[in-house]
Amino acid sequence: VPKWIFDRGFSASTLSRWGCGFDSGTGSLAIPIHDENNRVVGWSKRQPEGQFPKYLNSPGLEKSRILFGLHLLDVTQNLFCLSDGPLDSLWLDQNGFSSISLLGVFLSKSQEKLLARIPIREIVLCLDNDVAGKTAQKEIYRRLMKYFVVTQIELPSGAKDVQDVRDVQLLSTIIKNRTIF
């Protein structure tokens, strides 16, 4: 994997668990994307800081039919986190919170159907702390409240997303202090 990803606090064991690799052509972190049957259906490449777009996806990857991380979701827990980006899910998982990602802020009908089949009682919305994330949170709540208890976290001022919360204890406190939407 690229060395820069360790500067962001990710551990080798987390990157290995999620099957991440290195794209030497772009210097990107290559993240495999699995479908609900645990088949690799594409890749998302997180480019190094300062390169745009941040993510490059495999041509033809149908993000609207995928819940990133569904193949690793721990259904024995009482709750799981829903984020918008794959690195957010890796970060939450590394810190003890089962997580899946939409691969964006839009919840498709296919993703809603996949979510509805998950046998967990509570979903914690952990979307980005920006206008797009806050807007998406309201729409996602409206659509998922019939399947789950839907809660949300409040990120500290200045934190763009859960990855900006590097202190494990603080992240745990944020999720513990979640509120019902």
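Just so it is clear, the model here is predicted, and its values are computed rather than measured.

What counts and what doesn't
Residues numbered from 1 in each chain as written. Predicted model: local features only at pLDDT ≥ 70, side-chain atom pairs only at ≥ 80, totals over all residues. Heavy atoms only, no water. Helix = DSSP H or I, 4+ residues; strand = E, 2+ residues; numbered from the N terminus. Rg over C-alpha atoms; globule rule 2.2 N^0.38 Å. Buried < 20%, exposed > 50% of the residue type's maximum accessible area, 1.4 Å probe, protein only. Contact = heavy atoms within 4.5 Å. Areas by Shrake-Rupley, 256 points an atom, 1.4 Å probe, with all protein chains shown as cover. Lys, Arg positive; Asp, Glu negative; His and termini not counted. Charge placed at Lys NZ, Arg CZ, Asp CG, Glu CD. Salt bridge = Lys/Arg side-chain N within 4 Å of Asp/Glu carboxyl O. Core = buried A, V, L, I, M, F, W, Y, C linked by side-chain atoms within 4.5 Å. Pairing = 2+ DSSP bridges. Axes fitted to C-alpha atoms, helices over the stretch in contact; angles between N-to-C directions. Polar contact = N/O pair within 3.5 Å; in protein donor to acceptor, adjacent residues only side chain to side chain. Right-handed = clockwise from strand over helix to strand, strands pointing away.

### Describing the overall build of the chain
Part 1: The secondary structure content of the chain amounts to six helices and nine strands.
Part 2: Against the globule reference of 16 Å for 181 residues, the chain gives a C-alpha radius of gyration of 15 Å, in line with a compact fold.
Part 3: In terms of its C-alpha atoms, the chain occupies a principal-axis envelope of roughly 45 × 35 × 30 Å.
Part 4: Expressed as a percentage of the 181 residues in the chain, the buried residues total 50%.
Part 5: Contacts in the chain between residues far apart in sequence, at least 24 positions, make up 60% of those at least 6 positions apart.
Part 6: Roughly 8,900 Å² of accessible area belongs to the chain as shown, and the carbon and sulfur atoms make up 53% of that amount.
Part 7: For the chain, the separation between the mean place of its 22 positive charges and that of its 19 negative charges on side chains is 5 Å.

### Re the pattern of salt bridges
Part 1: Per the counting criterion, the structure on display carries twelve salt bridges.
Part 2: We note a salt bridge from Glu112 to Lys146, for which the minimum N-O separation is 3.7 Å. Of this pair, Glu112 sits in helix 4 (residues 109–116) while Lys146 is found in the loop between helix 5 (131–144) and strand 8 (149–152), placing the two residues 34 residues apart along the sequence.
Part 3: A residue is classified by how much of its surface remains accessible, and Lys146, at 60% relative accessible area, is exposed.
Part 4: Sharing partners across several salt bridges, the network here consists of Arg8, Arg46 and Glu49.

### Overview of the nonpolar core
Part 1: The biggest cluster of nonpolar side chains holds 30 residues, and the ones touching the most others in it are Leu29, Leu90, Leu92, Ile153, Val162 and Leu171.
Part 2: Of all elements in the fold, only helix 1 (4–7), strand 2 (28–34), strand 5 (79–83), helix 3 (86–94) and helix 6 (168–176) reach the threshold of two or more residues within this core.
Part 3: Sorting elements by how many residues they give to this core places helix 3 first, with four residues.
Part 4: Sequence-distant contacts of Ile153, that is, excluding residues within four places in its chain, are made with Val124, Leu125, Cys126, Val162, Ile174, Ile175 and Arg178.
Part 5: Leu73, Leu82, Ile123 and Leu125 belong to the second largest nonpolar core, which has 20 residues in total.

### Topic: the sheet that holds strand 7 (residues 122–125)
Part 1: Taking strand neighbours across the sheet as the criterion, the five strands line up as 6-5-7-8-9 in an open arrangement whose pairing is mixed. Whereas interior strands pair on both sides, the edge strands pair on one side only; in this sheet they are strand 6 (99–101) and strand 9 (179–180).
Part 2: Taken together, the three bridges between strand 5 and strand 6 define a ladder with parallel strand orientation. Each residue of the ladder has a partner; that of Cys81, found in strand 6, is Ser99.
Part 3: Across the sheet, helix 3 touches strand 5 and strand 6, and the angle it forms with strand 6 is around 180 degrees.

### Considerations on the side chain of Ser28
Part 1: Structurally, the position occupied by Ser28 is in strand 2.
Part 2: Given the relative accessible area of 0%, Ser28 is considered buried.
Part 3: A polar side-chain atom of Ser28 sits 2.6 Å from a polar atom in the side chain of Thr26.
Part 4: If we skip the residues at most four places from it in the chain, Ser28 touches Pro2, Trp4, Gly21, Phe22, Asp23, Lys45, Arg46, Gln47 and Pro48.

### As for the pairing of strand 8
Part 1: As defined by bridge partners, strand 7 adjoins strand 8 across four bridges and the pair is classed as parallel. From the neighbouring strand, Val124 faces strand 8, where its bridge partner is Thr151.
Part 2: Read as a crossover between parallel neighbours, the route from strand 7 over helix 5 to strand 8 is right-handed.

### Thoughts on unusual backbone geometry
Part 1: Put simply, Phe52 and Pro53 share a cis peptide bond, and its omega is -5 degrees.
Part 2: Mapped onto the elements of the fold, Pro53 is located in the loop between strand 3 (40–46) and strand 4 (55–57).
Part 3: Even without being a glycine, Asn38 presents a positive backbone phi close to 65 degrees.
Part 4: Its identity as a non-glycine residue notwithstanding, Leu103 has a phi of 60 degrees, on the positive side.
Part 5: Structurally, Leu103 is set in the loop between strand 6 and helix 4.

Remember, this is a structural readout, not a statement about activity or role.
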